[in-house]
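Working through the structure, step by step
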Amino acid sequence: MTRTGRIEALEDYHRYCAGGLTDPYPLFHRLRSEDPVHWCEPLNGWLVTRHDDVLAGLRDPRLASDRISLSMNAMPEPLRTQMCPLGNHVSNWLGFTDPPKHTRMRALIMKVFTPRLAEEMSPRIAEIATGLLDRALCGGEMDFMGGFAFPLPASVICEILGIPMDYQARFRRWAEDMLLFAGAVGPSIAKVAVPAHKSFVELTGYFRELTLQRRRDPRPDLLSALAAVEDEEGGLSEAELMGLSVFLFIAGHETTVSLLGNGLLALLNHPDELTRLRREPGLMASAVEEFLRYESPIQIATRRPIEDLAMREKRIRRGQTVVLMLGAANRDPERFPEPDRLDIGRPENKHTAFGWGSHFCLGAPLARIETQIALRLLLDRAPTIQRIGEAPQWRADNNLRSLRRLDINVS
Ligand code: HEM
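Here goes a summary of the coordinates provided. Worth saying up front: this structure is predicted, and the values here are computed from it rather than measured.

Assigned secondary structure in the chain consists of 19 helices and 12 strands. In terms of C-alpha radius of gyration, the chain reaches 21 Å, essentially the compact-globule figure of 22 Å for 411 residues. By its C-alpha atoms, the chain is 60 × 55 × 35 Å across when sized along the principal axes. A separation threshold of at least 6 residues defines the contact pool for the chain, and within that pool the share at least 24 residues apart is 72%.

Now the structure itself:
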């Protein structure tokens with residue numbers, strides 16, 4: 001049997017391809033050591049798992065981010081035609097564009113979405129987190145995901161954009177459905193496309209209305225600033241404005257939710273590291289980097305080669321799907337000694353959880369500050385935190401690594 005054949009004989013391999021592998025890291029180790037650039041038939045794409053290859057892939061201009069065609073082509077007719085409006089919309093998300101469109105749109109958003117914004121938001125983040133904890137701590141028991149990890153980043157991104165928080169349940173469904181669609185690889189996309197289309201229609205309808213209001217009556221928020229840019233020469237088309245604001249809304253919702261849950265779970269599973277963090281609160285920034293590496297919220301970055309190329313002697317054809325496995329790269333023993341060990345003081349933690357290069361995450365400063373503030377407040381106010389109930393459940397999603405629930409007792 002070939003080396004690749006052995007991997008394909010693994011049950012975990014097929015569970016992973018079906019999107020339901022709770023602990024993917026043993027499989028990632030096998031892939032990385034036995035077939036680091038692996039053709040995956042069920043996902044119809046190349047899985048790249050070594051840290052140096054992933055990094056090189058993120059920097060390689062021959063690997064395009066404009067990849068919605070891969071998703072559209074994975075759907076049968078008539079579904080593909082029905083999903084065209086959704087595909088056109090996602091092709092205007094910043095993370096799905098390439099130069100020169102990407103350069104122009106990124107420059108515009110960087111004018112308004114600056115790293116300083118994160119610093120300026122800090123007092124407000126602490127205020128929102130404190131309010132949520134007041135409620136949670138008086139109950140004693142809580143689902144950390146629903147009671148804290150979701151409402152905190154959701155409130156923060158809504159405030160930045162200038163969106164009233166009165167539609168929370170709908171917001172969550174919209175963000176989840178759209179991210180599932182955008183992150184799907186291969187034929188599994190057909191399963192998530194219809195709910196994503198419904199959410200897309202509702203979400204863009206809502207944003208369109210809000211943008212019109214902000215144009216009539218501008219406020220000191222990001223949506224008003226973007227609406228003003230739309231009108232400038234060389235600014236944004238209506239579709240681009242919608243793509244940018246919806247993408248920020250979704251990126252701001254689900255990713256930090258995941259980081260908060262993954263970080264707390266990692267600490268609860270490693271009581272020595274939790275005690276260490278309580279004793280040395282100065283380690284918080286480094287701990288958050290370790291959570292990002294150890295359980296990366298965004299596990300993959302998908303790319304479309306614009307020409308034939310070679311990677312570790314594998315011939316990759318133009319137009320095939322290339323999946324840069326961020327979560328696997330971040331457990332590469334060649335880059336991170338003892339990669340499966342949580343070490344909140346890990347030196348040299350150059351993870352790829354926020355991507356790399358021209359598409360490096362614009363929300364990284366905000367996500368870092370939010371998580372540091374939120375976990376600091378939680379640890380300060382809850383001297384004991386215990387997991388209760390059933391084992392925490394991961395979402396069935398190979399892109400977003402996030403918990404459904406995390407039941408805890410706080411006192
Ligand atoms: C823990 C939280 C977060 C993680 C792990 C994360 C992860 C990522 C990753 C991996 C990419 C690169 C994708 C690629 O190269 O294909 C990215 C891009 C991006 N992220 Fe984040 N993100 C987080 C939070 C946020 C937040 C809070 C925002 C904004 C509110 C945000 C906005 C963006 C934007 C606009 C891009 C696209 C940049 C570009 O294409 O030029 N992210 N993020």
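Another point: the pairing of strand S5 (residues 300–305). Among the 6 residues in S5, 6 count as buried, and that is most of the element. Burial along S5 is two-sided: Ile300, Thr302 and Arg304 facing one way and Ala301, Arg303 and Pro305 facing the other are all buried. Pairing analysis gives 4 bridges linking S5 to strand S8 (residues 321–325), with the strands arranged antiparallel. Paired with Arg303 across the bridge in S8 is Val322.

All right, on to the site of the ligand then. Surrounding the ligand, one finds 24 residues, the nearest of these being Gly252, Thr255, Gly355, Cys361 and Gly363. Elements with a minimum of two residues in the shell around the ligand: helix H15 (238–269) and helix H19 (364–381). When grouped by side-chain class, the residues that make up the shell around the ligand number 15 nonpolar, 8 polar and 1 charged.

In this chain, Glu77 is followed by Pro78 through a cis amide linkage whose omega measures 5 degrees. Within the secondary structure, Pro78 sits in the loop between helix H5 (68–73) and helix H6 (79–82). With an omega dihedral of 5 degrees, the bond running from Pro99 to Pro100 counts as a cis peptide bond. Positionally, Pro100 belongs in the loop between helix H7 (84–90) and helix H8 (101–112). A positive phi angle is found at Asn44, which is not glycine, with a value near 55 degrees. Here Asn44 is to be found in the loop between strand S1 (37–40) and strand S2 (45–48).

Ordered in space as S1-S2-S8-S5-S3, the 5 strands form an open sheet in which the pairing is mixed. If you trace the sheet from one side to the other, it starts and ends with S1 and strand S3 (63–64), each paired once. The sheet contact formed by S3 and S5 spans 2 bridges and is antiparallel. In the strand pairing of S5, Leu63 is matched with Pro305.

To continue, consider the pairing of S8. The buried fraction of S8 amounts to 5 of the 5 residues, a majority that puts the element mostly inside the structure. Going residue by residue along S8, you find Thr321, Val323 and Met325 tucked away on one face and Val322 and Leu324 tucked away on the opposite face as well. Of the pairings in the sheet, the one linking S2 to S8 comprises 4 bridges and is parallel in character. Each residue of the ladder has a partner; that of Trp46, found in S8, is Val322.

On to helix H13 (residues 189–216). Counted at 1.5 Å a residue, the expected span for H13 with its 28 residues is 40 Å, and the 39 Å between its end C-alpha atoms agrees. Of all the bends in H13, the greatest measures close to 30 degrees and is centred on Pro195.

Glancing now at helix H3 (residues 25–34). Residues of H3 that are buried: Leu27, Phe28, Leu31 and Arg32. One face of H3 carries all of its buried residues, which in axial projection span an arc of 135 degrees.

What follows concerns the packing of helix H12 (residues 168–183) against H13. Axes are the key here: two packed helices are described by the angle between their axes and the distance separating the axes. At a minimum axis separation of 8 Å, H12 and H13 run at an interaxial angle of 135 degrees. Taken together, the axes of H12 and H13 are oblique relative to one another. When you trace H12 past H13, the crossing you get is left-handed. Of H13, the residues touching H12 (which contributes Arg173, Trp174, Asp177, Met178, Leu180 and Phe181) are Ile189, Val192, Ala193, Pro195, Ala196, Ser199, Phe200, Glu202 and Leu203. Grouping the constituent residues of the contact of H12 with H13 by class yields 11 nonpolar, 1 polar and 3 charged.

Attention shifts here to the sheet that holds strand S9 (residues 385–387). Taking strand neighbours across the sheet as the criterion, the 3 strands line up as S4-S12-S9 in an open arrangement whose pairing is antiparallel. The open sheet terminates on both sides in strands that have one partner only, identified here as strand S4 (141–143) and S9. On average, each strand axis in the sheet is inclined to that of its neighbour by 30 degrees, with strand direction left out of account. Here S4 pairs with strand S12 (residues 407–410) via 3 bridges, running antiparallel. Note on S12: the bridge partner recorded for Asp143 is Asp407.

Scoring rules and cut-offs
Residues numbered from 1 in each chain as written. Predicted model: local features only at pLDDT ≥ 70, side-chain atom pairs only at ≥ 80, totals over all residues. Helix = DSSP H or I, 4+ residues; strand = E, 2+ residues; numbered from the N terminus. Rg over C-alpha atoms; globule rule 2.2 N^0.38 Å. Contact = placed C-beta atoms within 7 Å. Buried ≥ 20, exposed ≤ 12 C-beta atoms within 10 Å, placed from the backbone. Pairing = 2+ DSSP bridges. Near = placed C-beta within 6 Å. Nonpolar A, V, L, I, M, F, W, Y, C, P; charged D, E, K, R; others polar. Expected span 1.5 Å × (residues − 1). Bend = angle between axes of the 7 residues up to and from the residue. Arc of directions from axis to C-beta. Axes fitted to C-alpha atoms, helices over the stretch in contact; angles between N-to-C directions. Parallel < 35°, antiparallel > 145°, perpendicular 65-115°, else oblique. Left-handed = near helix turned anticlockwise from the far one by under 90°.

Any link to function would need more than the numbers given here.
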